[in-house]
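# Descriptive structure summary
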Amino acid sequence: MSLLINAYATVTNPPMPDFPCQNLLHRNLDDAELTAHLNGFLGYIFNAGDGKMNARRYALYRHIQRVKHHFSFAIDDDQFDQFNAWAKQANVIIYLPDGTVRNAEMAILQNPDGSFDPDATMPYPSEALQRKAKTEHYLNTLGLTSPTSLPPVVAESEVIVRSAEEIAHRALALMITGIQAQSFLENAPLDPNVLQQRCPIGYATLSDHERAFIHSMQPTEQDLNNMSWRYEALSTLEWAINWQAQLPFANQICPVADLIDQGMKYNQQQDQSLSLKPVSELLDALDLHFRLHWIIRDCEINDKEIPASINSGVVHERHYALNWLTNFENAAWDDVDTPT
């Protein structure tokens with residue numbers, strides 16, 4: 001007896017099925033129809049049963065967001081073990097003709113009525129689970145605790161990191177935005193044309209919100225506060241491309257003058273080579289700040305004191321920058337989200 005399987009893989013370069021199967025179809029994100037298909041799959045997940053958000057539904061949502069390949073094929077019962085091994089390598093969830101969404105072991109992640117097996121585990125690449133465990137152990141040594149139910153962040157095998165050049169250009173945009181914020185705070189706002197002349201790459205890279213801020217005659221106090229904190233995002237990006245040697249623990253404010261010196265040095269010598277930190281280091285930082293951000297939000301929601309060892313503004317900006325850097329939800333700078 002054969003079983004029709006639709007498999008949704010999150011890894012960037014999954015192996016092709018190496019077991020006997022029939023009617024194999026494969027498409028990736030180069031196929032425009034896959035995006036529409038995935039949106040329809042999300043609709044199916046969210047409209048099942050009562051349609052209310054829960055931890056399982058949210059985990060499925062995040063998995064589908066990360067899908068890069070869709071496979072469809074039929075296998076015979078005696079091929080299941082080989083399929084299972086492949087499915088783990090490709091990090092898939094599967095959809096069956098009975099309307100169930102399952103993991104590689106066929107445990108039910110969601111039924112058509114929205115119910116699910118609470119013991120069925122969501123699939124994550126092994127390196128992501130190992131990173132999560134390492135971060136949790138490190139936080140425990142500092143007397144900080146995040147729930148084990150928090151998922152891992154994206155894995156090396158799944159992530160698509162922005163290029164060093166794109167990061168450098170974004171850093172220059174943040175730099176001149178921060179400079180303008182400081183000039184407003186000192187009641188001596190700079191002419192935007194001067195910023196454009198002195199740092200054309202940064203000016204050209206400004207987001208819509210940043211451009212509006214720089215050209216504002218009287219920005220709001222909230223905008224001034226937000227844009228001033230962006231130096232912490234700048235610090236994170238400069239660290240990612242080795243303009244800063246260290247990214248200290250998130251309990252201290254960044255050295256603004258040094259950040260500007262490094263940015264202007266690149267601005268003046270654009271032919272200098274750029275290098276990106278190893279992806280594993282970037283994801284270590286992302287996993288850490290994701291969990292730190294949860295700790296902060298838990299304190300805020302439950303009216304608890306934020307641990308003195310954490311600066312909430314620093315954590316937020318770093319999480320924001322790292323989510324952008326790792327293409328979280330494929331969002332442009334102004335639209336980056338930092339859910340916990």
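The text that follows walks through the structure, step by step, so that each part is easy to find. (Residues numbered from 1 in each chain as written. Predicted model: local features only at pLDDT ≥ 70, side-chain atom pairs only at ≥ 80, totals over all residues. Heavy atoms only, no water.)

### Thoughts on the nonpolar core
- Counting 49 residues, the largest nonpolar core has I176, F213, L234, L237, W324, L325 and W333 as the members making the most contacts within it.
- Counting only elements with at least two residues in this core, the list comes to α5 (164-185), α7 (200-205), α8 (208-214), α9 (221-240), α10 (256-268), α11 (279-301) and α12 (312-325).
- Broken down by element, this core gets its largest block of residues, 11 residues, from α5.
- Here L237 is in contact with I167, R170, A171, L174, A321, W324 and L325, once residues within four sequence places are set aside.
- If you look at the next biggest cluster of nonpolar residues, it comprises 16 residues, including A9, W86, I94 and L96. (Core = buried A, V, L, I, M, F, W, Y, C linked by side-chain atoms within 4.5 Å. Buried < 20%, exposed > 50% of the residue type's maximum accessible area, 1.4 Å probe, protein only. Helix = DSSP H or I, 4+ residues; strand = E, 2+ residues; numbered from the N terminus. Contact = heavy atoms within 4.5 Å.)

### Thoughts on the pairing of strand β3 (residues 69-76)
- Burial analysis of β3 places seven of its eight residues in the buried class, which makes it a mostly covered element.
- Sheet topology note: the strand β2 (residues 22-28)/β3 ladder contains five bridges and is antiparallel. Opposite L25, over in β3, you have S72 as the bridge partner. (Pairing = 2+ DSSP bridges.)

### As for the layout of surface pockets
- If you add up the space inside the largest pocket, you get close to 1200 Å³.
- Together, 41 residues line the largest pocket, and A59, R62, R66, P151 and P152 are the ones closest to its centre.
- Where the lining of the largest pocket is concerned, the elements lending two or more residues are α1 (32-47), α2 (55-66), α11 and α12.
- Top contributing element to the lining of the largest pocket by residue count: α2, with eight residues.
- When its volume is computed, the second largest pocket comes out at roughly 320 Å³.
- Residue lining of the second largest pocket: 18 residues in total, with N226, R230, H316, E317 and Y320 positioned closest to the centre.
- Of all the secondary structure elements, the ones that give two or more residues to the lining of the second largest pocket are α8, α9, α11 and α12.
- Considered class by class, the residues forming the lining of the second largest pocket number five nonpolar, seven polar and six charged. (1 Å grid on protein atoms, 1.4 Å probe; cavity = no way out; pocket = protein on both sides within 12 Å on 5 of 7 lines; lining within 4 Å. Points joined across faces, edges and corners; volume = space filled by probe spheres on them. Nonpolar A, V, L, I, M, F, W, Y, C, P; charged D, E, K, R; others polar.)

### So, the environment of L174
- Within the element layout of this structure, L174 appears in helix α5.
- Ignoring sequence-local partners within four residues, the contact set of L174 consists of E210, R230, A233, L234, L237 and W333.

### What about the sheet that holds strand β4 (residues 92-95)?
- Strand order across the open sheet formed by six strands is β2-β3-β1-β4-β5-β6, with antiparallel pairing between neighbours. Every other strand in the sheet has two partners, leaving β2 and β6 (108-110) as the edge strands with one partner each.
- Alignment of β4 against strand β5 (residues 101-102), held across two bridges, turns out to be antiparallel. Looking at β5, one finds that Y95 is bridged to V101.
- Along the sheet face, α1 touches β1 (2-9), β2, β3, β4, β5 and β6 and points at about 100 degrees away from the line of β2. (Axes fitted to C-alpha atoms, helices over the stretch in contact; angles between N-to-C directions.)

### Notes on the side chain of K132
- You can see K132 is positioned in helix α4 (residues 126-141).
- What makes K132 buried here is its relative accessible area of 10%.
- Once residues lying within four places of it in the same chain are set aside, the contact partners of K132 are P147, T148, L150, P151, P152, D287 and R291.

### Quick look at the side chain of T100
- With respect to the helices, strands and loops of the structure, T100 is situated in the loop between β4 and β5.
- On the basis of relative accessible area, T100 is assigned to the buried category, the value being 4%.
- Of note is the side chain of T100, whose polar atom sits 2.8 Å from the side chain of R102.
- If near-sequence neighbours (up to four positions away) are discounted, T100 is found in contact with I94, Y95, I108, Q110, N111 and P112. (Polar contact = N/O pair within 3.5 Å; in protein donor to acceptor, adjacent residues only side chain to side chain.)

### Concerning unusual backbone geometry
- At N327, a residue that is not glycine, the phi angle is positive and equals roughly 60 degrees.
- Tracing the backbone shows N327 in the segment after α12.
- A positive phi angle, close to 55 degrees, is found at E329, a residue other than glycine.
- Within the element layout of this structure, E329 appears in the segment after α12.

Functional significance is not addressed by these values, which are geometric in nature.
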